[in-house]
There are 2 protein chains.
Amino acid sequence: MSIMKSWDTVAILGVGLIGGSIGLGLRQRGLAERVVGIGRNPQRLETALRLGAVTSTTSHIEEGVSRADLVVICTPVERIVDQVRQVAAACPAGALITDAGSTKVAICRALRSGTGGAGVFVGSHPMAGSEKSGVRHARAGLFENRVAIITPWDDSDGEAVERIADFWASLGCRVMRMRPEEHDATVAWISHVPHVVAAALAAATPAEHVPVAAGGWRDTTRVAGANPELWQQILTQNQHHVLKSLDKFEKVLAAFREALDAGDSSKLEQLLQAGKQNRDALGG
Amino acid sequence: MSIMKSWDTVAILGVGLIGGSIGLGLRQRGLAERVVGIGRNPQRLETALRLGAVTSTTSHIEEGVSRADLVVICTPVERIVDQVRQVAAACPAGALITDAGSTKVAICRALRSGTGGAGVFVGSHPMAGSEKSGVRHARAGLFENRVAIITPWDDSDGEAVERIADFWASLGCRVMRMRPEEHDATVAWISHVPHVVAAALAAATPAEHVPVAAGGWRDTTRVAGANPELWQQILTQNQHHVLKSLDKFEKVLAAFREALDAGDSSKLEQLLQAGKQNRDALGG
């Protein structure tokens, strides 16, 4: 009796931290017979191959997806829509296509009426990652116990949606479904505004104080170490929700400032308590 | 041949995370013959004794410091000045007194002209800690490779200053000397403003989004889980520098907002790059 793999061939477009970790997870969990790494940088592909994240590599998208059951696009958000179309035109009929982009409205709206090809697209956003990038930081367990949000439309192909949900679950994710708008509003708060705040704090801090920094500054600014080009794209694609959430953040920050300026210690403590209550709800 | 301990008797006033970790560090490194834990809460003292952070306990400050060579005050910043005076009046002549308070100007200025007693005070701030509090989270290694800032005046007793520096170094700290003003300006940036920003972000985030939160929100808000009463006191004591640094933070944040609002992707990327540069200087 032979054991069926979940997938015969998975193609991963963009083999960095996320793409590489997907490949490692698929391989180590025995979920895919073949994992094709597709990318423009031969050295990075070679590293992915050596680390066991992929079983073959190519720099040609059409060639890489020609036998794929599933294609996962792990490239910067600005490129995803075009690449979905390119993949859809070259993959086998009925192949599934998903992505790992941090924004969903711009991507899913552009593909609302279909991919224009043989592949079926369902948007995804695995809430995992790091300020570190590159396949050398990839690990099979990156997605374990992390949330993966999938963002189908109400009329998306039900079986395709199920299979994409199963895909992320098979890598260890807790899968949530949201409408693209709801996704972008949510991640504005839990990822994009924190990124802006962390980056602004890191940028504002006089460089001579940094060597003294302890836990507070270190944790609060951690994500500011991420790739500026990728994050410029993400923030720009989610401009509306990020600006709206930043507005509210700035109002709450102004309340802290006013309480401190006025020496109103009970108001200041009350504001700190409100922050602690939300933070404690998460734990860890 | 017997080995001399660095200290015969160290008294620790306030046996929580910091005080408890000092006690554990002293005991595990064989640096003190006796460690007296002083506090108001009998249960907490018992826990400290059971964990080996102290060798005896008392709720009476005068009794607790009566034979001490060194007294370390690890209580909320608002209480430190009064307690230094109380300790100084009851400890042996020439005993050293230091603290672990997160602000230094208010404390050191109040004690500028002396402690009014037999003990000699030198201000300290070990840059270690956690959003967790309580002696049950204490650990001997808390201070290893962390910065401890000591803030003597130019005319402070040179030998006392040396011995306090040695004390923190013996627990594993990298010791820095600063004037109290310089300390408060520095920690406004690397600890107090990050705290306000983290708390404001946690408080501003709609509670329904928190369960989805991943690394970004988790790291950026971590310190918001700390004790609001202690932090209200710290921010209030360092009001001047915190407000000044918040001003600059808000200006930089406004620059991010304007770039995003204007769709100026090159300016936005440049700002993100400035944050990354400062963050990368720290590492980890």
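Every value quoted in this text rests on a predicted model; they were computed, and no experiment measured them.

**Observations regarding the packing of helix α10 (residues 239–261) of chain A against helix α10 (residues 239–261) of chain B**
Their axes nearest at 11 Å, the elements α10(A) and α10(B) cross at an angle of 165 degrees. For the element pair α10(A) / α10(B), the angle class is roughly antiparallel. In terms of crossing hand, the pair formed by α10(A) and α10(B) is left-handed. Contacts between α10(A) and α10(B) involve Gln239(A), Val242(A), Leu243(A), Leu246(A), Arg257(A), Leu260(A) and Asp261(A) from the first element and Gln239(B), Val242(B), Leu243(B), Leu246(B), Arg257(B), Leu260(B) and Asp261(B) from the second.

**A closer look at the sheet that holds strand β9 (residues 174–177) of chain B**
All names here are of chain B. Spatially, the three strands line up as an open sheet ordered β7-β8-β9, and their pairing is mixed. Where the open sheet ends on each side, the last strands, each with one partner, are β7 (124–126) and β9. With direction set aside, neighbouring strand axes in the sheet form an average angle of 20 degrees. Across four bridges, strand β8 (residues 147–150) lies against β9 in parallel orientation. Counted as the bridge partner of Val 147 is Arg 174 from β9.

**Some points on helix α7 (residues 180–204) of chain B**
Think of an α-helix as turning once every 3.6 residues; residues three or four places apart then point the same way. Considering bend angle alone, the principal kink of α7(B) is centred on Ala188(B) and spans about 55 degrees. Along α7(B), 23 of the 25 residues are buried, which leaves the element largely enclosed by surrounding structure.

**Let's talk about the interface of chain A and chain B**
Taken together, the contact pairs 75 residues of chain A with 75 residues of chain B. Looking at the side of chain A that touches chain B, the elements with two or more residues in it are α7 (180–204), α8 (215–220), α9 (228–237), α10 and α11 (265–282) of chain A. The dominant element in the side of chain A that touches chain B, judged by the number of residues it contributes, is α7(A), at 15 residues. Across the side of chain A that touches chain B, the residue classes break down as 42 nonpolar, 21 polar and twelve charged.

**Thoughts on the relation of the copies chain A and chain B**
Both copies of the chain are related by one operation, a rotation about an axis with a shift along it. Expressed as a screw operation, the relation of chain A to chain B combines 0.0 Å of axial shift with a rotation of 180 degrees, fitting to an RMSD of 0.0 Å. Each copy turns onto its partner about a two-fold axis. If distances are taken from each C-alpha of chain A to the rotation axis, the shortest is found for Thr220(A), at 2.0 Å. A shared binding surface is used by both copies, with 100% of the interface residues of chain A retained as interface residues in chain B.

**Some points on the pairing of strand β1 (residues 7–13) of chain A**
Residue and element names in this part refer to chain A. Within β1, six of the seven residues are buried, leaving the element largely enclosed by the surrounding structure. Each parallel crossover has a hand, and the one from β1 via helix α1 (residues 17–28) to strand β2 (residues 32–38) is right-handed. Bridge count between β1 and strand β4 (residues 70–73): four bridges; the pairing is parallel. By the bridge assignment, Val 10 is partnered in β4 with Leu 70.

**Considering the domain arrangement of chain A**
Residues and elements named next belong to chain A. Along its sequence, chain A is carved into domain 1 (7–178) and domain 2 (183–282). If you average the C-alpha positions of domain 1 and of domain 2, the two centres end up 30 Å apart. With 14 residues of domain 1 at the contact, the number on the domain 2 side is 15 residues. Secondary-structure elements contributing two or more residues to the side of domain 1 that touches domain 2 are α4 (77–90) and α5 (105–110). Partitioned by chemical class, the residues of the side of domain 1 that touches domain 2 number six nonpolar, five polar and three charged.

**Description of the pairing of β8(B)**
All names here are of chain B. Neither face of β8 is exposed, since Val 147 and Ile 149 on one face and Ala 148 and Ile 150 on the opposite face are all buried. With three bridges connecting them, β7 and β8 associate as antiparallel partners. When the bridges of β8 are listed, Pro 126 appears paired with Ala 148. Since β8 and β9 lie parallel, the crossover through helix α6 (residues 158–170) that links them has a hand, and here it is right-handed.

**Examining helix α9 (residues 228–237) of chain B**
Among the ten residues that make up α9(B), eight are buried, leaving the element largely enclosed by the rest of the structure. Of the residues making up α9(B), those classed as buried are Pro228(B), Trp231(B), Gln232(B), Gln233(B), Ile234(B), Leu235(B), Thr236(B) and Gln237(B). Where α9(B) is buried, its residues contact α10 and α11 of chain A together with α4 (77–90), α5 (105–110), α7 and α10 of chain B.

**Observations regarding the nonpolar core**
By size, the foremost hydrophobic cluster in this structure holds 194 residues, and its most contacted members are Ile12(A), Val71(A), Val87(A), Ile12(B) and Val71(B). When residues no more than four places from it in sequence are discounted, the contact partners of Val87(A) are Leu13(A), Ile61(A), Val65(A), Val71(A), Ile73(A), Ile97(A) and Gly119(A).

What counts and how
Residues numbered from 1 in each chain as written. Chains lettered and ligands numbered in written order. Predicted model: local features only at pLDDT ≥ 70, side-chain atom pairs only at ≥ 80, totals over all residues. Axes fitted to C-alpha atoms, helices over the stretch in contact; angles between N-to-C directions. Helix = DSSP H or I, 4+ residues; strand = E, 2+ residues; numbered from the N terminus. Parallel < 35°, antiparallel > 145°, perpendicular 65-115°, else oblique. Left-handed = near helix turned anticlockwise from the far one by under 90°. Contact = placed C-beta atoms within 7 Å. Pairing = 2+ DSSP bridges. Bend = angle between axes of the 7 residues up to and from the residue. Buried ≥ 20, exposed ≤ 12 C-beta atoms within 10 Å, placed from the backbone. Nonpolar A, V, L, I, M, F, W, Y, C, P; charged D, E, K, R; others polar. Least-squares fit on C-alpha atoms with pLDDT ≥ 70 in both. Right-handed = clockwise from strand over helix to strand, strands pointing away. Domains from an automatic or database assignment. Core = buried A, V, L, I, M, F, W, Y, C linked by C-beta atoms within 7 Å.

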